[in-house]
Amino acid sequence: MNDFPANHILILGQPGNGKRSAIKGLLTKFGNQGLRLIEIRREDLHQLSRIVSELKAHPFHFILLCSDITEDTTDANHRELRNLLQGGIETRARNVLLYATGNSKKTGPPKTANEQGNLESCFGITLQIPAMNQTTYLKICGEIAKRRNLSLPAETLQRSALTWAKQRGYCSGIMACQFMDDLTGRWLLKQKLSDCSS
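Quick notes on the rules
- Residues numbered from 1 in each chain as written.
- Predicted model: local features only at pLDDT ≥ 70, side-chain atom pairs only at ≥ 80, totals over all residues.
- Heavy atoms only, no water.
- Helix = DSSP H or I, 4+ residues; strand = E, 2+ residues; numbered from the N terminus.
- Buried < 20%, exposed > 50% of the residue type's maximum accessible area, 1.4 Å probe, protein only.
- Contact = heavy atoms within 4.5 Å.
- Areas by Shrake-Rupley, 256 points an atom, 1.4 Å probe, with all protein chains shown as cover.
- Core = buried A, V, L, I, M, F, W, Y, C linked by side-chain atoms within 4.5 Å.
- Arc of directions from axis to C-beta.
- Salt bridge = Lys/Arg side-chain N within 4 Å of Asp/Glu carboxyl O.

**What about the overall build of the chain?**
Along the backbone of the chain there are 6 helices and 5 strands. For the chain, the N- to C-terminal ordering of α and β elements is β-α-β-α-β-α-β-β-α-α-α. The 198 residues of the chain split such that 37% are buried. Long-range contacts, defined here as pairs at least 24 residues apart, represent 81% of the contacts in the chain between residues at least 6 apart. Working note: accessible area of the chain is about 12,200 Å², and carbon and sulfur atoms make up 53% of it.

Structure (structure tokens):
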């Protein structure tokens, strides 16, 4: 935010574990200091040069967010990414950075130090968000239940939450939210039916 040099960042982790949320959360802290966030779809990466050229002249600082970036990009998209990350002919824009996210199971470590096709090696910083453990998952479910004033026994809530996660193979923040939306809907429907029958 002070025109100091900074690196492009790649954030890896399981789906639904808050990679995008971590990036978007920067707006809360730095939005009033001129930070802006622009989301770019993978299929539009071939326009990176044009986008960066447009943003250079603006007084704001920009984070370009590209979600679920993988190695299966087209040649044109791959070339544009490498030009932005490693520097092409044009002078690097001091007010534009790329923050990308990727799923751990889709994006692996480079096979060799000089592997040309590997995008991870092009980022200055790579962060790995660890898989969510069961304890954290249950805490999220419990906190959502508390905020929604759901009067459910803790044991019942935890048992149902674990069954939901087991059916999907892992725990994540978004999975906790999905489970609680389902549970809340069922609970409210049961309450409504109970009121109608009384």
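Now that the structure is up, let's keep going.
**Section: the nonpolar core**
Looking at soluble globular proteins, one finds that nonpolar side chains tend to be buried together. L48, L64, L81, V96 and L98 are the most contacted members of the largest nonpolar core, which totals 22 residues. Elements supplying a minimum of two residues to this core: β1 (9-13), α2 (48-56), β3 (61-66), α3 (75-86) and β4 (96-103). Sort the elements by how many residues they give to this core and α2 lands first, with 4 residues. Every residue in contact with L48, bar those within four places of it in the chain, is listed here: I40, L64, E80, L81 and L84. Judged by nonpolar contacts, the second largest core, of 18 residues, contains L138, I144, L157 and C171.

**Structural notes on α2**
Along α2, the positions that sit buried rather than exposed are L48, I51, V52 and L55. Take α2 and look down its axis: the buried residues cluster within an arc of 95°, on one side only.

**Regarding the pattern of salt bridges**
Going through the model one piece at a time under the given rule, you end up with 7 salt bridges. Between R20 and E39 there is a salt bridge, with its nearest N and O atoms 2.4 Å apart. With R20 in helix α1 (residues 19-30) and E39 in strand β2 (residues 35-39), this residue pair connects regions lying 19 residues apart in the sequence. Residue R41 is joined to D44 by a salt bridge in which the shortest nitrogen-to-oxygen separation is 2.9 Å. Here R41 falls in the exposed class, since its relative accessible area comes to 51%. Given the relative accessible area of 18%, D44 is considered buried. When salt bridges that share partners are traced, they join R41, E43 and D44 into one network.

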